[in-house]
Amino acid sequence: MDIASFLTDLQSRFQGDIFTEEPMKKHTTWKIGGKADVLVRPYSEADLQAIFTCANRYEIPFYVIGKGSNLLVTDGGIRGVVIEISADEFQKITIQDDGTVLAGAGVSMARLAKETLNHNLAGLGWSAGIPGSLGGAVMMNAGAYGYHIGSYVTKINLVEYIGSRRQISKAEADFSYRHSGLMGQPWVVTEVALRLVPQGDVSGEIQQMKDWLKERAAKQPLDYPSAGSVFKNPEGSHAGYLVEQAGCRGMQVGDAQVSTKHGNFIVNLGNASASDVLSLIEKVRERVLQNSGHKLELEVRILGE
């Protein structure tokens, strides 16, 4: 793994930002994680193609992230290159008269919901409280209150790890509960086309969005760093309820704590390490299994050594 040659080659063809020995706690909502050898922030699809070309040439492993929600980076950090989709071209939103919205993968769900409603387009008010960006939301078909982002997608633009560009349809994305056919594939989402409903008056949905955000603030521990929901909801039940029924609310390892406000959140009280979080996760899963027979599956993604 020749990081020095990779960087020299990349800098000659790259417009974005490059950081070396970058602490990943600065790039995750949990505020946890060791250093990445390199973190790059591309500005365009061309930048992405340059990263993949150089990484493949020098056999450098790479990992794609958005806003760092739903992500735990281990204390040993990440060997290779982290690609953060969060800048410039990936922050653009274009709204067309027929209700079609073209949005970059780095656009936050909160901003997308508010901007589309400001243009009298109904449909995404439910998503304003989802932490993270559109690209990650589409990859895992994020949802809330019975809605899912995949319902609104029409097309998805991608850059494949071999460096080529590609567009796929909604049907090809194969959306299902908290899942899509995009997951685990050798590509990164760059732009998403969504179809919303133009309306003369969206005041009702705006009020509903405000109510949902108020409800979220009341029920979720937004005053501490977290990664959102840690566990997937098992069929027919809710992970937070199972965690609380197993007596895990407030359970703590180091500065990692099962939130006293919501059982499906693990918060960083200040100086939690990834090992604290992982240890706490295993303790919770064991208790829930003993108490209810449910084997909780992780919703968070784990990266690093």
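Quick look at the structure, then. (Residues numbered from 1 in each chain as written. Predicted model: local features only at pLDDT ≥ 70, side-chain atom pairs only at ≥ 80, totals over all residues. Heavy atoms only, no water.)

1. Observations concerning the overall build of the chain
Counting its secondary structure elements, the chain contains 8 helices and 18 strands. Its C-alpha radius of gyration of 20 Å places the chain within 12% of the 19 Å reference for a compact globule of 305 residues. Counting only C-alpha atoms and orienting by the principal axes, one finds that the chain spans roughly 55 × 55 × 30 Å. When the 305 residues of the chain are sorted by exposure, 52% land in the buried category. Taking all contacts inside the chain whose residues are at least 6 apart in sequence as the whole, residues at least 24 apart take part in 66%. Here the chain has roughly 13,600 Å² of accessible surface; of this, 46% comes from carbon and sulfur atoms. (Helix = DSSP H or I, 4+ residues; strand = E, 2+ residues; numbered from the N terminus. Rg over C-alpha atoms; globule rule 2.2 N^0.38 Å. Buried < 20%, exposed > 50% of the residue type's maximum accessible area, 1.4 Å probe, protein only. Contact = heavy atoms within 4.5 Å. Areas by Shrake-Rupley, 256 points an atom, 1.4 Å probe, with all protein chains shown as cover.)

2. Focus: the environment of G304
Within the element layout of this structure, G304 appears in the segment after β18 (301–303). Taking the relative accessible area as the measure of exposure, G304 reaches 42% and is therefore partly exposed. Once the C-alpha coordinates of G304 and T74 are considered, the two residues, 230 residues apart in sequence, prove to be 5.1 Å apart. When residues no more than four places from it in sequence are discounted, the contact partners of G304 are T74, G77 and I78.

3. Regarding helix α2 (residues 45–57)
Compared with an ideal rise of 1.5 Å per residue, which puts 13 residues at 18 Å, α2 spans 18 Å between its outermost C-alpha atoms and is within 8% of the ideal. Residues of α2 that are buried: E45, D47, L48, A50, I51, F52, C54 and A55. Just downstream of α2 lies E59, where phi reads positive at about 55 degrees. (Expected span 1.5 Å × (residues − 1).)

4. Observations regarding the sheet that holds strand β15 (residues 252–253)
Pairing within the open sheet is antiparallel, and its 3 strands lie in the order β15-β16-β17. Here the strands that pair on one side only, and so sit at the sheet edges, are β15 and β17 (266–268). Direction of pairing for strand β16 (residues 256–258) relative to β17: antiparallel, over a ladder of 3 bridges. From the neighbouring strand, V258 faces β17, where its bridge partner is I266. (Pairing = 2+ DSSP bridges.)

5. Section: the nonpolar core
The biggest cluster of nonpolar side chains holds 60 residues, and the ones touching the most others in it are I83 and I156. Broken down by element, this core gets its largest block of residues, 6 residues, from α2. Not counting chain neighbours up to four residues away, the residues in contact with I156 comprise V138, R166, Q167, I168, A173, F175, L182, V189 and E191. One finds A239, V253, L280 and I281 within the second-largest nonpolar core, a separate group that totals 25 residues. (Core = buried A, V, L, I, M, F, W, Y, C linked by side-chain atoms within 4.5 Å.)

6. Things to note about the sheet that holds strand β7 (residues 100–104)
In space, the 5 strands of this open sheet follow the order β6-β7-β13-β11-β12, with antiparallel pairing throughout. Only two strands of the sheet have a single neighbouring strand rather than two, namely β6 (93–95) and β12 (165–169). Each neighbouring strand pair of the sheet contributes to a mean axis angle of 20 degrees, computed without reference to strand direction. Where β6 lies against β7, 3 bridges are found, and the strand directions are antiparallel. Residue pairing across strands places I95 opposite V101, the latter belonging to β7. Lying over the sheet, α2 contacts β11 (153–160), β12 and β13 (187–195), oriented at roughly 40 degrees with respect to β11. Contacting β6, β7 and β13, helix α3 (residues 109–118) runs over the sheet at an angle of about 25 degrees to β6. (Axes fitted to C-alpha atoms, helices over the stretch in contact; angles between N-to-C directions.)

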